[in-house]
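Residue strings, one per chain:
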Amino acid sequence: MSGSQIALLGAIAGFTIFLGLPVGRLRQPAPRLKAALNGIAIGVLVFLVWDILAHAWEPTDAALSDHKWGTATTGFVVMAVGLAVGMTGLVYYDKVMAARRARSQAVSTPAAVPVGAPGAPAVPVTDPAVTPAPARSAAADLSLMIAVGIGLHNFAEGLAIGNSAASGSLSLAVMLVIGFALHNATEGFGIVAPLAGDTVRPSWGRLALLGLIGGGPTFVGTLVGQSVVNDTLAIAFLGMAAGSVLYVVIELLSVARRTGMKELTTWCILGGLLMGFLTDGILVAAGA
């Protein structure tokens, strides 16, 4: 199999993420549907945190079993740094975006002249021509963070596909492509769940960008993995992915709490979690 064919397989594995993205354009889904989508997204992402950390820890675990203390220490440190970067990076990104939204809202709300003041109109008037466009919503920022976290994870998946092909294990590479394609199809839901019914309806261009951020790294990772076989690099990206996805789970849980639909959310989280295990089980059963 040629390098271009392997790259094509990587692209297929990554871009099945687009299958779930149209859900983000739902205009006014019922509150229960929004709560259900949010719960499913949480379940899928919780599975991803477990799955990512299991793969990130695997080389370190093997090194400990072989008493390779230096390799084990390096693996642990790289994973810990990746986790820290993934979580704190999104914390500060969210902080900056919140400050920008606050400034935009302050600017878009002009100071009203007190009614009754000399020369003041009876009712405060605002000039729509000078009112700035609304800031990007918090839901849009959250969906972007989810896409970034999933993208980091998918880069590591691409490395696995490329590494398998480079080592001559083409059947394994194909099975990985099938399994990751199934995973990515469910991850698309996780990305757009916050956008369903948002005040600002996402454009098709916006959804395409989110799909590229989340799924494109699988293709890039496949290209890199064909020439670079490096456990430390894979651990670093898996650590960052786990940290970022874990932060997003915390954010989605706060959204779930505000809906007040605890029973529905719980069942949907369970369903999303089982979806993750089901697709992973299919991959394992296929021999990958």
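So, how was this worked out
- Residues numbered from 1 in each chain as written.
- Predicted model: local features only at pLDDT ≥ 70, side-chain atom pairs only at ≥ 80, totals over all residues.
- Heavy atoms only, no water.
- Helix = DSSP H or I, 4+ residues; strand = E, 2+ residues; numbered from the N terminus.
- Buried < 20%, exposed > 50% of the residue type's maximum accessible area, 1.4 Å probe, protein only.
- Contact = heavy atoms within 4.5 Å.
- Areas by Shrake-Rupley, 256 points an atom, 1.4 Å probe, with all protein chains shown as cover.
- Expected span 1.5 Å × (residues − 1).
- Bend = angle between axes of the 7 residues up to and from the residue.
- Axes fitted to C-alpha atoms, helices over the stretch in contact; angles between N-to-C directions.
- Parallel < 35°, antiparallel > 145°, perpendicular 65-115°, else oblique.
- Left-handed = near helix turned anticlockwise from the far one by under 90°.
- Nonpolar A, V, L, I, M, F, W, Y, C, P; charged D, E, K, R; others polar.
- Phe/Tyr/Trp six-rings, centres within 6.5 Å; stacked < 30°, edge-to-face > 60°.
- UniProt positions renumbered as here; feature names shortened; annotations may be inferred.
- Core = buried A, V, L, I, M, F, W, Y, C linked by side-chain atoms within 4.5 Å.
- Patch = residues over 30% accessible without salt bridge, like charges linked within 9 Å, V, L, I, M, F, W, Y side chains within 5 Å.
- Salt bridge = Lys/Arg side-chain N within 4 Å of Asp/Glu carboxyl O.
- pLDDT = per-residue confidence, 0-100.

Enquirer: Quick one: what's the story with the overall build of the protein chain, residue by residue and with numbers?
Expert: Per the secondary structure count, the protein chain includes 8 helices and 0 strands. Counting all 288 residues of the protein chain, 43% fall into the buried class. Pairs at least 24 residues apart make up 87% of the contacts formed inside the protein chain by residues separated by at least 6 positions. Accessible area of the protein chain: about 14300 Å², with a carbon and sulfur share of 69%.

Enquirer: Can you lay out helix 6 (residues 204-225) for me, pointing to particular residues and giving the numbers?
Expert: Its 22 residues place the ends of helix 6 31 Å apart at the C-alpha level, agreeing with the 32 Å of an ideal helix rising 1.5 Å per residue. Bending of helix 6 peaks at approximately 40 degrees at the position of Gly 215, with proline Pro 217 no more than four residues after it. Buried within helix 6 we find Arg 206, Leu 207, Leu 210, Gly 211, Gly 214, Gly 215, Gly 216, Pro 217, Thr 218, Gly 221, Thr 222 and Gly 225.

Enquirer: Pulling in residues and values, what's your account of the packing of helix 2 (residues 31-65) against helix 7 (residues 231-259)?
Expert: Where helix 2 contacts helix 7, the axes come no closer than 8 Å and their chain directions differ by 155 degrees. What the angle tells us is that helix 2 and helix 7 run roughly antiparallel. Both helix 2 and helix 7 take part in a crossing whose hand is left-handed. Partitioning the contact of helix 2 with helix 7 into residue classes produces 22 nonpolar, 3 polar and 1 charged.

Enquirer: For the packing of aromatic side chains, give the residues involved together with the corresponding values.
Expert: A full pass over the atoms with the stated rule returns 6 aromatic pairs. Ring centres of Phe 155 and Phe 237 lie 4.4 Å apart, and the angle between their planes is 40 degrees; on these two criteria the pair is classed as tilted. With a gap of 82 residues between them, Phe 155 in helix 4 (residues 138-166) and Phe 237 in helix 7 connect regions that are remote in the sequence. Through a chain of ring-to-ring contacts, three or more aromatic side chains come together here, namely Phe 47, Trp 50 and Phe 277.

Enquirer: Can you break down the environment of Tyr 93 residue by residue, with the values?
Expert: Along the polypeptide, Tyr 93 turns up in helix 3 (residues 69-108). Overall, Tyr 93 belongs to the partly exposed group, its relative accessible area being 24%. Considering only alpha carbons, one finds Tyr 93 and Met 145, 52 residues apart in sequence, at a separation of 8.8 Å.

Enquirer: Account for the environment of Leu 144, naming residues and giving values.
Expert: Its location among the elements puts Leu 144 in helix 4. Judged by its relative accessible area of 15%, Leu 144 falls in the buried class.

Enquirer: Account for the UniProt feature "transmembrane region" (unreviewed entry) in the protein chain, naming residues and giving values.
Expert: When the UniProt feature table is mapped onto this chain numbering, "transmembrane region" (unreviewed entry) sits at residues 6-23, 35-57, 69-93, 207-229, 235-255 and 267-286. As a span, residues 35-57 carries 100% helix and 0% strand, and end to end its C-alpha atoms are 33 Å apart. The span residues 235-255 is 100% helix and 0% strand, and its two end C-alpha atoms sit 30 Å from each other.

Enquirer: Just give me the short version of the side chain of Thr 265, but keep the residues and values in it.
Expert: Inspection of the secondary structure puts Thr 265 in helix 8 (residues 262-285). Taking relative accessible area as the criterion, Thr 265 reaches 7% and is therefore assigned buried. Not counting chain neighbours up to four residues away, the residues in contact with Thr 265 comprise Ala 35, Gly 39, Ala 256 and Thr 259.

Enquirer: Break down the nonpolar core for me, citing the residues and quoting the values.
Expert: Core analysis: the largest hydrophobic core is formed by 40 residues, its most contacted members being Leu 45, Ile 146, Ile 191, Val 248 and Leu 252. For this core, the secondary-structure elements that each account for two or more residues are helix 2, helix 3, helix 4, helix 5 (170-192), helix 6 and helix 7.

Enquirer: Pulling in residues and values, what's your account of a nonpolar patch on the surface?
Expert: Nonpolar side chains collect at one region of the surface, where Trp 57, Leu 64, Trp 69, Phe 76, Val 77, Val 81 and Val 85 lie side by side and expose about 640 Å² of accessible area between them. Only helix 2 and helix 3 provide two or more residues apiece to the nonpolar patch. Along the chain, the position of Val 77 falls in helix 3. A relative accessible area of 42% means that Val 77 is categorised as partly exposed.

Enquirer: Help me get a handle on helix 2, residues and values and all.
Expert: Across its 35 residues, helix 2 extends 50 Å between first and last C-alpha, which sits within 8% of the 51 Å expected from 1.5 Å per residue. The sharpest bend along helix 2 comes to roughly 35 degrees, located at Glu 58, with the proline Pro 59 sitting one to four residues further on. Two residues or fewer after helix 2 comes His 67, characterised by a positive phi angle close to 60 degrees.

Enquirer: Which residues make up unusual backbone geometry, and what values go with them?
Expert: For His 67, which is not glycine, the phi torsion reads 60 degrees and is therefore positive. Assignment of secondary structure puts His 67 in the loop between helix 2 and helix 3.

Enquirer: Outline the confidence of the model for the protein chain, supporting the account with residue identities and numerical values.
Expert: Per-chain confidence: the protein chain averages 77 in pLDDT, with 77% of residues scoring 70 or above. Of the regions scoring below 50 in pLDDT, residues 125-135 engages in 7 contacts with residues more than four places distant in sequence or in other chains.

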